[in-house]
2 protein chains.
Amino acid sequence: MKIAVDVMGTDYGPQEMVLGAVQAVRTFGCEVILVGDADIIRELLRKYKADNDPKIMVHHASEVISMSEHASIAVKSKKDASVIVGAKMLRNKECDALVAPASTGAAVAAALLYLGRIRGVDRPAIATPIPSLTGTTVVLDSGAKVDAKPDHMVQNAIMGTVYAERILRIKNPKVGLLNIGEEETKGNEQALETYPLLQSNGQINFIGNVEGRDINKGTVDVVVCDGFVGNVVLKFAEGLALAILKLMREAILDGGIIAKVGGMLIKPSLKKLRKRLDPSEYGGALLLGVRAPFIICHGSSRAKSIISAIKVAMDFVDNDVIKHIGAKIAASKKERGINE
Amino acid sequence: MKIAVDVMGTDYGPQEMVLGAVQAVRTFGCEVILVGDADIIRELLRKYKADNDPKIMVHHASEVISMSEHASIAVKSKKDASVIVGAKMLRNKECDALVAPASTGAAVAAALLYLGRIRGVDRPAIATPIPSLTGTTVVLDSGAKVDAKPDHMVQNAIMGTVYAERILRIKNPKVGLLNIGEEETKGNEQALETYPLLQSNGQINFIGNVEGRDINKGTVDVVVCDGFVGNVVLKFAEGLALAILKLMREAILDGGIIAKVGGMLIKPSLKKLRKRLDPSEYGGALLLGVRAPFIICHGSSRAKSIISAIKVAMDFVDNDVIKHIGAKIAASKKERGINE
């Protein structure tokens, strides 16, 4: 298994990406191709004593697309950007999967341009696993397609089902439509039109509408939503979790000597909790619906986040997620009597 | 000042509502009219030794609209439901404000039917104050109008500005449009069309797009969004805060004897934190855009939540929020050359 890793463009620089990739090779025994500025990468490999590891290759890319760049313009003009070089390698089967810290827009544009969509998928979706009280809930779409049509929402439900089955190992995963009430009659136009389509689809285990509070409760395994709503909710989640941990630290520091001692005693427990809530533990989001495994890692990724992203990429390949998405989408189309 | 309080229909029953109202009278010196089943209310007043308080009145209502009922049907058919009776009293100026634990749908339908809209407001919006790292951020709309038109979003921005100025006492409050990126070119159709309208409006201090993570950061004072998105986000916030506190308790209990002792020592600090995160401390949401002060309290309201809701109602009346909304909306229309 060979994973290309775009090491450029994160907040903490290539060293975190390279370190994570080196550790992944040592932990999982996979091969990696590090894509980016070859001089910087080679220097970092020497630093981490990995410059002679035959499982670690370097592929030079002279440009970088930053998180804040206008994605579709940058993807077309910067032909030698690390994420583009990675996507081309993936298309040419020089690697099995790509892990890249790309902006949503750049990832989608690069994937559409160089990898193409799975037959029957109109729009790719980003699937983000988030921690719940009972395990993991996958939310999609978390930003690839705003103003999604009801058909796109159904495709999201199918792709999320495959993800939950193959990666999270959940049998017959429960799918919920994110809405403002449980009743079928609730919601905006998009939700009202999507509901009956999900209900009549034989490829998914649709249990009805779910509300915001159900995401963390673990009421369902797959939460289907529009890319706008999903993106707002997930960015809000990041902010809220950080805010709560910050307020907790403040509350303990304000609580006098007794609370401070207490704070020291619970430190290991809080560390575990922070780990559980930390998005980097979840190894990035998956760009589903395109023809090859593309894993998007967070712009603020640290080494451990890259290790888990590489693990997710390996699971993605090992479990033939793309083949299964194709099959389930085809079965759904057949069901509806649409033969392309 | 006379506040009508609908005491029926919450998860914890009339006793919490009545107790909260009694405590509010004792704390703030206001008058309250308790609306609902008179026998139950009188018995509770005896229990709380408040049956002879001249500042506490009882108004019988024979019906209740439950949280799960189909709002617009129930509002039309249950003429003697507590929330309807309260809305009629408000219309007839028998009270200065109404505090009711109504579902969003029932509150909006009752208010539109019996109170009417402020001139120039097309749709009411629900404004929910939420805690941020720097103070309080008001999010609106949190559920009154899904599929909001850009004009509705502008009205939300104006109403939120008045709320922040008058209730939160923020001078020239900063307004942000909830979106998936900071750039003007980001977003769904609704956001793209709303942005220039907010930017050119002289009645608000629009600082641009904000993302989900900005809500808790306190980047802006007023976050403008569609009722669908706002509702999903706020319900998610409730769930996430509870989930984090639960996971924290579990992490401490799993951490052995040392963590348990530490947990005991930080208990007072955690209690303060829970208070800070508890929606009931914020006294409910405001239904803005209708002609009289209507405060919606949470279905899971406890007594203390009612106390703060009554305080918010008093602030709402004292600060002439409705008059100021009317004036700012009129100024905005004038600016755009629309004279009704």
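Look up a bit, the structure's there.
Residues numbered from 1 in each chain as written. Chains lettered and ligands numbered in written order. Predicted model: local features only at pLDDT ≥ 70, side-chain atom pairs only at ≥ 80, totals over all residues. Heavy atoms only, no water.

Asker: Describe the sheet that holds strand β10 (residues 285-288) of chain A, listing the residues and the values that go with them.
Answerer: Residues and elements named next belong to chain A. On the basis of which strands lie adjacent, the open sheet formed by eleven strands has the order β3-β2-β1-β4-β11-β10-β5-β6-β9-β7-β8 and mixed pairing. Of all the strands in the sheet, the pair left with one neighbour each is β3 (56-60) and β8 (205-210). Direction aside, the axes of adjacent strands within the sheet are offset by 25° on average. With five bridges connecting them, strand β2 (residues 31-36) and β3 associate as parallel partners. The residue of β3 that forms the bridge with Leu34 is Val58. (Pairing = 2+ DSSP bridges. Helix = DSSP H or I, 4+ residues; strand = E, 2+ residues; numbered from the N terminus. Axes fitted to C-alpha atoms, helices over the stretch in contact; angles between N-to-C directions.)

Asker: Describe the packing of helix α1 (residues 14-28) of chain B against helix α2 (residues 38-47) of chain B, and please don't skip the residues or the numbers.
Answerer: All names here are of chain B. At their nearest, the axes of α1 and α2 sit 10 Å apart, and the two run at 55° to each other. The angle between α1 and α2 falls in the class oblique. α1 and α2 meet at a crossing whose hand is right-handed. Packed against α1, whose contacting residues are Pro14, Gln15, Val18 and Val22, the element α2 presents Ile40, Ile41, Leu44 and Leu45 at the interface. (Parallel < 35°, antiparallel > 145°, perpendicular 65-115°, else oblique. Left-handed = near helix turned anticlockwise from the far one by under 90°. Contact = heavy atoms within 4.5 Å.)

Asker: Account for helix α12 (residues 303-318) of chain A, with residues named and values stated.
Answerer: Residues spaced three or four apart along an α-helix point in a common direction, a consequence of the helix completing one turn every 3.6 residues. Residue and element names in this part refer to chain A. When the terminal C-alpha atoms of α12 are compared, their 23 Å separation across 16 residues agrees well with the 22 Å that a helix rising 1.5 Å per residue should span. Taken together, the buried positions of α12 are occupied by Ala303, Ser305, Ile306, Ile307, Ser308, Ala309, Ile310, Val312, Ala313, Met314 and Phe316. Count one or two residues on from α12 and you reach Asp320, which has phi positive near 50°. (Expected span 1.5 Å × (residues − 1). Buried < 20%, exposed > 50% of the residue type's maximum accessible area, 1.4 Å probe, protein only.)

Asker: Now, about the packing of helix α9 (residues 227-253) of chain A against helix α9 (residues 227-253) of chain B: what can you tell me, with residues and values included?
Answerer: Where α9(A) meets α9(B), the closest approach of the two axes is 9 Å, and the angle between their N-to-C directions is 35°. Note on packing geometry: the crossing formed by α9(A) with α9(B) is right-handed. Residues Phe228(A), Val229(A), Val232(A), Val233(A), Phe236(A), Ala237(A), Leu240(A), Ala241(A), Ile244(A) and Met248(A) of α9(A) lie in contact with α9(B), whose contacting residues are Phe228(B), Val229(B), Val232(B), Val233(B), Phe236(B), Ala237(B), Leu240(B), Ala241(B), Ile244(B) and Met248(B). Taken together, the residues that form the contact of α9(A) with α9(B) break down as 20 nonpolar, no polar and no charged. (Nonpolar A, V, L, I, M, F, W, Y, C, P; charged D, E, K, R; others polar.)

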